[in-house]
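Notes for the structure review
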Amino acid sequence: VTLLLIFGSYLSDFQFLTSDLFIIFPLAFFMALTAPYPTLTHHYPISSLLTFPIIVSILLQTIITFAFQLGGRMVLAATNTWYERDCELDEESGDVVPCVDNSVYFLISHFQYLTCAIAFSVSKPFRKGLYTNIWLMIYLVLIYFYSIWITVYCDNWSRKLFTLTEFEHKNF
């Protein structure tokens, strides 16, 4: 969202709703269903969230996320002669006009939410492996396939629902 605001665009209401209700909330719910590890360990869980390893991992994850999103926009702008910044709000309704920038950030963020959930799913010695949580695995497979689908071949229904633009040459 910060990058979109820097470049003068916004996510649409349904893009925000989709990210929150259909990606982040189910991930949080299904990740919590991972069972505990079958044997006790002598290791103690960390006593504070404000430790150096945790702060560094969150900062690195934020930098990687920022780099991929900015990189996606830069690659799109550099490889397509038709790229133009046409992001704006509809003055009558106040809705977001579909543009390339918010489409790119929305699609990249889908994969980043899922990858982040996998990366931060700590297993042994406190929980079983991620693969043992069948509901999370089913959800991850389904949402990964749908994310790939709307990224590679976005049908008209998904394009209208998420206010996405087509990634094709406008000059032809």
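From a predicted model like this one, the values you see are computed outputs, not experimental measurements. (Residues numbered from 1 in each chain as written. Predicted model: local features only at pLDDT ≥ 70, side-chain atom pairs only at ≥ 80, totals over all residues. Heavy atoms only, no water.)

**Notes on the confidence of the model for the protein chain**
Spelled out, the test is: Known as pLDDT, the predictor's confidence for each residue is given on a scale from 0 to 100. By the criteria applied, helices consist of DSSP H or I runs no shorter than four residues and strands consist of E runs no shorter than two, each listed in order from the N terminus.
A residue-level look at the protein chain finds 86% of positions with pLDDT of 70 or above and a mean pLDDT of 82. Summarising per-element confidence for the protein chain, the mean pLDDT is lowest in helix H1 (residues 2-6) (74) and highest in helix H5 (residues 134-152) (93).

**Some thoughts on the packing of aromatic side chains**
Which entries qualify depends on this criterion: For this analysis, a ring pair means two rings from Phe, Tyr or Trp (six-membered ring only for Trp) whose centres lie within 6.5 Å, classed as stacked if their planes differ by under 30 degrees, edge-to-face if by over 60, and tilted for the remaining angles. Exposure is judged per residue with a 1.4 Å probe applied to protein chains only, and the accessible area is read against the type maximum: over 50% gives exposed, under 20% gives buried, and values in between give partly exposed.
Across all of its chains, the model carries 7 aromatic pairs by this definition. Between Phe 29 and Phe 30, the ring centres sit 5.5 Å apart and the planes meet at 65°, which makes this aromatic pair edge-to-face. Taking 5.0 Å as the distance between ring centres and 70° as the angle between the ring planes, the aromatic pair formed by Trp 149 and Tyr 153 counts as edge-to-face. Taking relative accessible area as the criterion, Trp 149 reaches 38% and is therefore assigned partly exposed. Linked through ring pairs, Phe 14, Phe 106, Tyr 146 and Phe 162 together constitute an aromatic cluster.

**Here we look at the packing of helix H4 (residues 100-119) against H5**
The test is simple: In this analysis an axis means a line fitted to C-alpha atoms, helices contributing only their contacting stretch, and an angle means the value between N-to-C directions, from 0 to 180 degrees. Roughly parallel means an angle under 35 degrees; roughly antiparallel, over 145; roughly perpendicular, 65 to 115; everything else is oblique. Each crossing is labelled by how the near helix is turned from the far one, with a counterclockwise turn of less than a right angle marking it left-handed and a clockwise turn marking it right-handed. Contacts are assigned to residue pairs with any non-hydrogen atoms lying within 4.5 Å of each other. Only Asp, Glu, Lys and Arg are considered charged, only Ala, Val, Leu, Ile, Met, Phe, Trp, Tyr, Cys and Pro nonpolar, and every remaining residue, Gly among them, polar.
Close contact between H4 and H5 brings their axes to 10 Å; oriented N to C, the two are set at 160°. Considering their axes alone, H4 and H5 lie roughly antiparallel with respect to each other. Crossing of H4 over H5 shows left-handed handedness. Along its contact with H4, which presents Phe 106, Leu 107, His 110, Phe 111, Leu 114, Thr 115 and Ile 118, the element H5 presents Leu 140, Ile 143, Tyr 144, Ser 147, Ile 148, Ile 150 and Thr 151. The residue inventory of the contact of H4 with H5, partitioned by class, reads 10 nonpolar, 4 polar and no charged.

**Topic: the environment of Ser 158**
Our working definition: Side-chain atoms alone can form a polar contact between residues adjacent in sequence; in general such a contact is a pair of N or O atoms within 3.5 Å, and within protein one must be able to donate a hydrogen while the other accepts it.
By secondary structure assignment, the location of Ser 158 is in helix H6 (residues 156-162). According to the relative accessible area criterion, Ser 158 is buried, its value standing at 0%. Residues in contact with Ser 158, not counting those within four places in the same chain, are Tyr 146, Ile 150 and Leu 164. Within the structure, Ser 158 has its side chain in polar contact with the side chain of Tyr 146 (distance 2.7 Å).

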